[in-house]
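Observations on the three-dimensional arrangement
Residues per chain are reported as follows:
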Amino acid sequence: MALDAKSPGGPIESRWDRARFEMKLVNPANKRKHTIIVVGTGLAGASAAASLGELGYKVKSFCFQDSPRRAHSIAAQGGINAAKNYPNDGDSVFRLFYDTVKGGDFRARESNVYRLAHNSVSIIDQCVAQGVPFAREYGGTLSNRSFGGAQVSRTFYARGQTGQQLLLGAYQALERQVEAGQVEMFPRREMLDLVVIDGAARGIVTRNLVTGQLEHHVADAVVLGTGGYGNVYYLSTNAKGSNCTAIWRAHKRGAYFANPCFTQIHPTCIPVSGDYQSKLTLMSESLRNDGRIWVPKTPGDKRRPEAIPEQDRDYYLEQKYPSFGNLVPRDVASRNAKLVCDQGRGVGPGGLGVYLDLSDAIRRLGEDKIRERYGNLFEMYERITGDDPYKTPMRIYPAIHYTMGGLWVDYYLMSTIPGLFVIGEANFSDHGANRLGASALMQGLSDGYFILPYTVGNYLAQAKPAPADLSHPAFHEAEANVRSITERLMSIEGSRSVDSFHRELGKIVWDNCGMSRNAHDLERAIGKIRELRQEYWQNVRVLGAADDLNQSLEKAGRVADFFELSELMCRDALERNESCGGHFREEYQTPDGEARRNDDEFSYVAAWQYQGDGAPHALHKEPLEFEYVHPSQRSYK
Amino acid sequence: MSTTAVAVANRKSLRFYDTTVGKKAVMAVSGIILFGFVLAHMAGNLQIYEGPEKLNGYAKLLRAMPAALWGARLTLLLMVLLHIWSSVKLALLNKLEARPTGYVRHKNQSASYAARTMYWSGPIILCFVIYHLMEFTWGVGGTPYLEGNVYANVVAGFKVLPVSAFYILSMILLGMHLSHGLSSLFRSLGFDHPRYTPVIKRLAVAISTIIVIGNISIPISVLAGWVK
Amino acid sequence: MKLILHIWRQKNAASAGRMVRYEAGDLNADMSMLEALDVLNERLIEKGEEPVAFEHDCREGICGSCGFMINGVAHGPQRLTTTCQLTLRHFKDGDELYLEPWRAKAFPVLKDLIVDRSAFDRIIAAGGYISVPTGSAPDGNAIPVPKDKADRAMDAAACIGCGACVAACPNAAAALFTGAKITHLGLLPQGEPERHERALNMVAQWNLEGFGSCTNLGECEAACPKGIRLEVIAHMNRDYLAASCRRR
């Protein structure tokens with residue numbers, strides 16, 4: 001199948017307008033005749049479900065958590081970008097577009113990114129109107145800060161809880177539609193299969209996580225906003241429940257998976273403290289605005305940080321990248337942290353950490369100002385580590401945080417299965433090989449509020465889905481598939497817990513397909529993953545019953561999918577013989593250790609097609625063209 | 001009818017006094033009026049220290065205005081009924097319905113003793129009020145009673161130790177009840193302010209203490225023989 | 001480090017439950033309470049016993065999924081901290097802990113330490129929003145919001161919907177939760193048009209769900225991991241009373 005992104009041509013500024021004009025509309029009276037399934041209630045899913053409900057569609061919204069408000073978007077701390085140019089510092093839609101394409105290391109689609117930048121402006125308006133309590137100046141206007149390597153102040157924020165506040169805005173809009181009867185909410189449901197009828201997505205099979213019953217839902221279109229797959233690494237900043245099952249099972253039904261190896265390592269997380277650790281905690285990268293990152297100059301310096309004099313400290317980012325300093329993009333900051341730790345200069349237990357020091361800022365601005373900006377982050381740090389950041393520098397280390405890869409979608413956010421739309425982190429579309437700070441929230445809401453409501457209508461108006469109901473054999477086939485997976489997992493009765501497998505898998509992927517990769521390790525990792533996967537299916541132990549609330553069973557299904565996905569990630573990383581963004585191949589670097597892209601051979605989106613269990617995935621390429629932002633080596637020096 | 005429509009109809013059917021917030025407001029307003037009575041009643045009683053003529057004169061004055069007296073009595077009765085009705089309704093909800101299965105372990109973090117014992121202090125105070133009326137208004141409390149001679153009745157009544165003891169205990173409970181109620185009612189009626197609420201809390205305790213001291217000074221003075 | 005854990009075990013919503021005693025070894029002080037349960041569960045699985053079910057997701061104190069009573073205190077002894085962020089530093093080796101689910105008629109137990117908190121969603125659905133259809137918003141700076149109001153709205157909006165307020169309240173009231181949303185939206189000019197209707201509907205829904213009433217004890221405030229203040233309850237009462245007066 002040829003991959004047609006369907007990007008409209010013409011001047012980039014007017015592409016989205018043109019596309020919107022050319023889209024077919026659904027008559028208002030007919031909207032209520034269409035049912036749309038939206039899986040996931042994060043920023044993308046909740047905003048999409050609410051907006052579709054407002055338009056008059058019948059929406060069924062699903063989430064695995066007990067409430068839609070718990071989706072992992074809630075944990076985003078730092079902020080959301082928008083090209084409002086309120087601070088009058090030279091920002092514009094074009095500049096946000098430019099920064100995002102460049103920040104993504106030229107592996108994103110220009111048309112999509114421009115539309116994202118364009119929509120950013122409306123997102124802020126919408127959220128303010130919903131009552132999102134953004135930070136404000138004394139005059140009552142919205143406050144902005146610079147964030148994650150941007151040289152303009154375009155980030156809007158609500159203390160350190162921006163994701164929470166934006167999600168609550170979307171969640172409240174969603175609940176309003178539930179109240180209005182437009183959206184039917186199905187919490188504690190996990191999507192376990194996609195139902196495809198006559199080549200189009202027509203429904204899903206879910207497991208009711210309380211009763212264990214498998215349920216069928218039919219619709220005219222299915223939207224997945226189920227987030228990323230960072231938990232493949234076991235230790236990540238993702239919520240424990242975040243998983244790839246919905247997108248992976250859709251992938252196995254025919255949706256291509258794009259750029260799976262593009263994963264983002266966030267530079268400012270609290271370091272691992274022991275083997276028991278269940279997850280990593282992120283500290284907002286806004287701390288880098290006022291914090292200085294350093295390690296001791298000499299390896300093995302065991303003095304307390306306060307006792308290390310200025311001349312013995314290496315502010316390595318400021319040294320190496322004088323113009324961006326501590327604000328270099330995430331991939332660069334992370335890689336350099338790994339570099340200094342590999343040199344034996346890491347700090348804290350295990351030597352996997354660098355200092356993030358705000359003492360200069362505390363001296364300059366006073367403790368009160370710092371408390372106002374980062375108070376809750378400092379408290380969180382102290383709660384977890386027992387150290388007081390007002391007195392001693394924090395220790396940070398990179399951790400998996402976001403996955404740029406995801407299901408392939410065209411300009412209209414539709415996957416390779418007609419009628420299956422994928423939004424937010426679950427798709428691959430806007431961030432290329434590296435996401436800039438404060439862009440994920442923007443993308444989720446742009447997709448959900450301002451793109452999907454149009455493009456779903458366009459699809460329905462053109463495809464005119466034939467009536468379908470639950471009696472169709474495709475539903476029975478999908479249910480049988482799900483049932484067989486569950487029965488297999490329950491019947492193994494081995495000796496190891498799901499978590500122990502997951503932990504081991506995560507370590508393989510982190511060590512070999514994490515912050516830096518090479519062909520040798522990747523090949524070895526594929527072998528190890530296969531071996532472990534084989535053991536999993538012979539030795540995992542899932543206790544309890546299938547027809548009851550069973551958290552082990554939930555995890556078991558998710559980990560089974562992580563096994564398959566992790567192999568594809570390594571395969572994709574192996575295939576991409578270049579370094580770009582979050583994908584750093586040791587074989588492809590400049591003499592001074594920077595990533596070396598290969599635009600001649602790899603300026604494409606790698607979209608993988610599932611061809612059956614055991615059969616190798618087929619690679620399809622969507623070539624990327626850059627008409628407005630010409631690929632250049634990123635330089636932050 | 002859709003589930004949504006049912007939910008909307010159910011909500012609409014709840015009137016002010018059906019809701020917990022409404023009942024708390026009823027309790028707060030009736031509480032304020034009853035508190036006003038407690039304060040005035042104490043002020044009147046304290047005239048005992050100015051001798052029998054003054055106190056009996058005051059009682060006579062009140063009886064000389066039957067319309068006002070009965071107006072006040074009926075108002076107070078209504079307030080007592082409202083206060084009891086709303087608290088009983090809420091107590092049944094809170095104690096019997098809202099948490100059918102209790103905790104094996106439960107530890108309070110902030111609630112004061114007075115606040116936690118409102119359900120006990122209230123009914124005991126009610127019993128006291130009834131006995132107090134029996135003793136000094138209707139003359140059937142078992143202590144010597146002379147129609148129109150309040151002063152003598154008080155002295156004779158409080159000379160009986162168990163009566164005084166019950167009176168003192170009830171006044172302490174009333175003080176506790178007020179110390180929570182007087183500040184709590186502000187929040188029930190919608191007022192809470194980081195600067196003033198702490199002041200209100202302290203004032204509530206101070207006023208309650210004054211009321212306790214003022215009221216129990218009378219039986220103590222009788223027992224000690226200072227008032228004869 | 002070792003802890004003696006008495007944990008409420010209940011197979012499902014329909015069955016009866018009981019406290020079961022476990023000895024959890026191999027713990028250390030840097031672990032979170034939930035990681036201690038992870039360790040216990042690993043041991044239980046090894047022994048072929050069903051692991052303890054408890055709700056959790058982000059494990060960084062923001063999603064509001066986790067929470068149970070620890071020795072009679074919602075989210076345990078450290079103030080302003082959710083269960084997932086409560087480290088074992090706050091306990092001593094050999095301590096005996098009682099872990100129980102939130103208890104309220106409106107929060108039925110589903111299994112072990114998991115309760116159904118969907119009543120909170122229905123309270124929000126009753127009016128915890130500003131009705132602004134997508135696309136109909138004016139410019140973000142069109143309506144200035146005084147900084148102190150925005151800050152106070154943010155204070156109230158910090159609620160994570162964990163349910164600790166209900167669990168800690170001797171009356172199982174949902175006043176702090178409901179008040180927080182009414183205050184957050186009511187303080188902002190954007191929320192003004194629906195302010196009264198919102199208070200009426202949310203309070204009514206809170207009552208219909210079977211929660212108890214507020215008696216101003218302050219237990220909720222003490223238990224709230226996000227430091228929501230009792231002030232929000234006063235704000236709710238004020239809006240509700242004003243709305244009742246105007247009701248036609």
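Since the structure is predicted, the reported quantities are computational estimates derived from the model, not experimental observations. (Residues numbered from 1 in each chain as written. Chains lettered and ligands numbered in written order. Predicted model: local features only at pLDDT ≥ 70, side-chain atom pairs only at ≥ 80, totals over all residues. Heavy atoms only, no water.)

Of the regular secondary structure elements, chain B holds nine helices and zero strands. In chain B, the order of α-helices and β-strands from amino to carboxyl end is α-α-α-α-α-α-α-α-α. The dimensions of chain B, computed from C-alpha atoms along their principal axes, are 70 × 45 × 35 Å. Counting all 228 residues of chain B, 42% fall into the buried class. Put simply, of all contacts in chain B between residues at least 6 apart along the chain, 71% involve residues at least 24 apart. (Helix = DSSP H or I, 4+ residues; strand = E, 2+ residues; numbered from the N terminus. Buried < 20%, exposed > 50% of the residue type's maximum accessible area, 1.4 Å probe, protein only. Contact = heavy atoms within 4.5 Å.)

Let's shift gears to the packing of helix H7 (residues 245-252) of chain A against helix H17 (residues 551-575) of chain A. Residue and element names in this part refer to chain A. It is at 9 Å that the axes of H7 and H17 come closest, and there the two elements cross at 60°. H17 is crossed by H7, and the crossing has left-handed handedness. Between H7 and H17, the residues in contact are Thr 245, Trp 248, Arg 249, His 251 and Lys 252 and Gly 557, Arg 558, Asp 561, Glu 564, Leu 565 and Leu 568, respectively. Grouping the constituent residues of the contact of H7 with H17 by class yields three nonpolar, three polar and five charged. (Axes fitted to C-alpha atoms, helices over the stretch in contact; angles between N-to-C directions. Left-handed = near helix turned anticlockwise from the far one by under 90°. Nonpolar A, V, L, I, M, F, W, Y, C, P; charged D, E, K, R; others polar.)

Moving on, we get to the sheet that holds strand S8 (residues 214-218) of chain A. Residue and element names in this part refer to chain A. One open sheet holds the three strands; their spatial order is S6-S7-S8, and the pairing between them is antiparallel. Here the strands that pair on one side only, and so sit at the sheet edges, are strand S6 (189-197) and S8. On average, each strand axis in the sheet is tilted by 25° relative to the strand beside it, whichever way the strands run. (Pairing = 2+ DSSP bridges.)

Every contact between the two is made by 44 residues of chain B and, on the other side, 51 residues of chain C. For the pair chain B and chain C, the summed buried area comes to about 4,100 Å², and 53% of that belongs to carbon and sulfur atoms. Inspection of the chain B/chain C interface yields one salt bridge. Close ionic contact of C:Glu197 with B:Lys12 constitutes a salt bridge, the shortest N to O distance being 3.5 Å. Across the chain B-chain C interface, the total number found is 28 residue pairs in polar contact (both at pLDDT 80 or more). (Buried area = accessible area lost by both parts, 1.4 Å probe. Salt bridge = Lys/Arg side-chain N within 4 Å of Asp/Glu carboxyl O. Polar contact = N/O pair within 3.5 Å; in protein donor to acceptor, adjacent residues only side chain to side chain.)

Moving on, we get to the confidence of the model for chain C. Here chain C shows a mean pLDDT of 97. Residues at 70 or above account for 100%. As scored by the predictor, the complex reaches a pTM of 0.96 and an ipTM of 0.98. (pLDDT = per-residue confidence, 0-100.)

All names here are of chain B. Together, Ile 84, Val 88, Leu 92, Leu 96, Leu 126, Val 129, Ile 130, Leu 133, Trp 138 and Val 140 make up a nonpolar patch on the protein surface, roughly 850 Å² of accessible area in all. When residues of the nonpolar patch are traced back to their parent elements, those giving at least two are helix H4 (66-97) and helix H6 (118-138). Broken down by element, the residue count for the nonpolar patch peaks at five residues, all from H6. Residue classification places Trp 138 among the exposed residues on the basis of a relative accessible area of 51%. (Patch = residues over 30% accessible without salt bridge, like charges linked within 9 Å, V, L, I, M, F, W, Y side chains within 5 Å. Areas by Shrake-Rupley, 256 points an atom, 1.4 Å probe, with all protein chains shown as cover.)

Moving on, we come to the pattern of salt bridges. By the definition in use, this model includes 76 salt bridges over all chains. Between A:Arg202 and A:Asp220 there is a salt bridge whose closest N-O contact spans 3.1 Å. Of this pair, A:Arg202 sits in strand S7 (residues 200-208) while A:Asp220 sits in the loop between S8 and strand S9 (221-224), and the two are 18 residues apart along the sequence. Accessibility assignment for this pair places A:Arg202 and A:Asp220 in one class, buried. Across the pair C:Arg229 and C:Glu231 runs a salt bridge whose closest N-O atoms are separated by 3.1 Å. We classify C:Arg229 as partly exposed; its relative accessible area is 41%.

Residue and element names in this part refer to chain C. For chain C, the domain assignment lists domain 1 (3-100) and domain 2 (117-246). Every contact between the two is made by 14 residues of domain 1 and, on the other side, 13 residues of domain 2. Both sides together, the interface formed by domain 1 and domain 2 hides about 900 Å², and carbon and sulfur atoms give 55% of it. Three residues stand out in domain 1 for area buried against domain 2, namely Gly 64, Ala 74 and Leu 80, and they jointly supply 39% of the buried area on that side. Along the contact surface separating domain 1 from domain 2 lie one salt bridge. When the shortest N-O distance is used, the salt bridge between Arg 117 and Glu 55 registers 3.4 Å. Counting every contact that joins domain 1 to domain 2 gives four residue pairs in polar contact (both at pLDDT 80 or more). (Domains from an automatic or database assignment.)

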